[in-house]
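Each chain is listed here by its residues.
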Amino acid sequence: MACVTRIGSLAAVFAAILAQAAFADTRADCLEATDADQRRAACQSILAEDGLSDADRATAQYNLGNALALSDEFAAAAEAYSLAIKINPANADYLFNRADVLARMGDTQGALADLQEVTLLSPKDSEPLNNMGYLYAQAGDMDRAYRMFTRAIKLEPENPNPHFNRGRILKGAGRIEEAIANFNTAITLRPQSTSYLMERGIAFGQSGQMKAAIADFDAIIAIDPNSSQAYMNRGNGHSNLGDFALALADYDRAQTLDPDNPKIYSNRAFTLEKLGRFEEAIGIYNGLVARAPENAALLQDRGRVHQKMGNADGALADWSQAINLGGERSVKNFQHHLVRQGFFAGEVDGQMSDTLSEAIARCAREAGCF
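Just so we're clear, the structure is a prediction, and the values are computed from it rather than from any experiment.

Caption draft 1: The packing of aromatic side chains, seen in detail. One pass over the structure, following the stated rule, counts six aromatic pairs. Aromatic side chains F164 and F183 sit 5.7 Å apart centroid to centroid with 45° between the ring planes, which places their arrangement in the tilted category. Taken as a pair, F164 in helix 9 (residues 160–172) and F183 in helix 10 (residues 176–189) lie far apart in primary sequence, 19 residues in all. Per residue, the accessibility class of F164 equals that of F183, and both read buried. Consider the rings of W319 and F334, whose centres lie 5.5 Å apart with planes at 65°: the pair is edge-to-face.

Caption draft 2: Geometry of the confidence of the model for the chain. In the predicted model, the chain carries a mean pLDDT of 92, and 93% of its residues have values of at least 70. Counting contacts from residues 13–17, a segment whose pLDDT is below 50, to residues more than four positions away or on other chains yields zero contacts.

Caption draft 3: Broad picture of helix 10. Helix length check: helix 10, at 14 residues, gives a terminal C-alpha distance of 20 Å against a target of 20 Å (1.5 Å per residue), a fit within 8%. Looking at the buried positions of helix 10, the neighbouring elements they touch are helix 8 (142–155), helix 9 and helix 11 (194–206).

Caption draft 4: Expanded view of the packing of helix 15 (residues 262–274) against helix 16 (residues 278–291). Across the interface, helix 15 lies against helix 16 with an axial gap of 8 Å and an inter-helix angle of 155°. The pairing of helix 15 with helix 16 is recorded here as roughly antiparallel in orientation. Seen from above, helix 15 lies across helix 16 with left-handed handedness. Within the contact between the two elements, helix 15 uses P262, Y265, S266, R268, A269, F270, L272 and E273 and helix 16 uses F278, E280, A281, I284, Y285, L288 and R291. For the contact of helix 15 with helix 16, the per-class residue count stands at ten nonpolar, one polar and four charged.

Caption draft 5: Spotlight on the pattern of salt bridges. Under the criterion given, the structure shown has 19 salt bridges. Between D216 and R200 there is a salt bridge; the shortest N-O distance is 2.7 Å. Of this pair, D216 sits in helix 12 (residues 210–223) while R200 sits in helix 11, placing them 16 residues apart in sequence. Under the relative-accessibility criterion, D216 is labelled buried at 4%. Salt bridges here are not isolated pairs; linked through shared partners, they connect E273, D301, R304 and K308.

Caption draft 6: Region of interest: the side chain of N161. By secondary structure assignment, the location of N161 is in helix 9. Overall, the relative accessible area of 19% leaves N161 in the buried class. For N161, the side chain forms a polar contact with the side chain of R190, separated by 3.2 Å. Of the polar contacts made by the side chain of N161, one reaches the side chain of Y196; its length is 2.7 Å. In this structure, N161 is in contact with E127, N130, R190 and Y196, ignoring residues within four places of it in sequence.

Each value, and the rule that gives it
- Residues numbered from 1 in each chain as written.
- Predicted model: local features only at pLDDT ≥ 70, side-chain atom pairs only at ≥ 80, totals over all residues.
- Heavy atoms only, no water.
- Phe/Tyr/Trp six-rings, centres within 6.5 Å; stacked < 30°, edge-to-face > 60°.
- Helix = DSSP H or I, 4+ residues; strand = E, 2+ residues; numbered from the N terminus.
- Buried < 20%, exposed > 50% of the residue type's maximum accessible area, 1.4 Å probe, protein only.
- pLDDT = per-residue confidence, 0-100.
- Contact = heavy atoms within 4.5 Å.
- Expected span 1.5 Å × (residues − 1).
- Axes fitted to C-alpha atoms, helices over the stretch in contact; angles between N-to-C directions.
- Parallel < 35°, antiparallel > 145°, perpendicular 65-115°, else oblique.
- Left-handed = near helix turned anticlockwise from the far one by under 90°.
- Nonpolar A, V, L, I, M, F, W, Y, C, P; charged D, E, K, R; others polar.
- Salt bridge = Lys/Arg side-chain N within 4 Å of Asp/Glu carboxyl O.
- Polar contact = N/O pair within 3.5 Å; in protein donor to acceptor, adjacent residues only side chain to side chain.

Following this line, the structure appears as structure tokens:
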């Protein structure tokens, strides 16, 4: 009997050890499992235990929220974070992550309120200010977004994110050189970021610095050889420099990587147009218009190729449809172009008139309009 008792005691000890190990594994999975379902199941298992401390319950709810967010279950994630915050309302991480899922759900004001609270709890952390700036930018409040990014930079100048985001604000405002300066700082801090290189490359292109733009797209391709956008944008750079063979080769590669991207095809068509290969360009535009018959810009572009081919009726048909679809914006595009070419002397007001109609008709007939 003594032997049996001893064996029974050892069995109980081993069972307790195994239970502790299982509990430790569950906690580890709840915290860091890469599989979202595994993490969620582990966190829910912990939350189902009796006698769980408030601190452990809050941590489990927080990690459950992380797992749900990874699965794009944002409403459920927000609820889990809220339960964690109810237990520990002064935890900045809980509020920061709830702000993220609220933003993804479209609750900008709720996200901003949480981030504002985070700035009070973690006054030396620049990320909440950066995220607030991002949300203001999404809402169209560029001035406030700019101020938030600037505050974030002053608080933590080694954080590349606010430099990059402020650069995007400046780029959107047409302040290209200032934007490039911000992108330069961001890239110095995070040189392998393809998104940073992409934005700077586009900004270089907008400022006419094509070789610098191509260099950035080269760098992206070296990091990510499957970036169709980098190939397309590099093709645009080559096209603008007159290196049409290189441009077409880049468009070929971009189309292979992303065959459903209409921008690649339209850029290719524009390069073919520059080469005088109008029939090929028209063929591409025909396919694009068939897929997007209400795209005014495509109709305007196809009309331009018709005009260069001497097909005035085709040009007028496309341009008339573009104006009907695009309204004031399309009218202004024509007015700007016709004023530059000396075909129209009226105001650029987005309004059709007999004088403008006559100018468009004349443009369709005369070679010097494009």
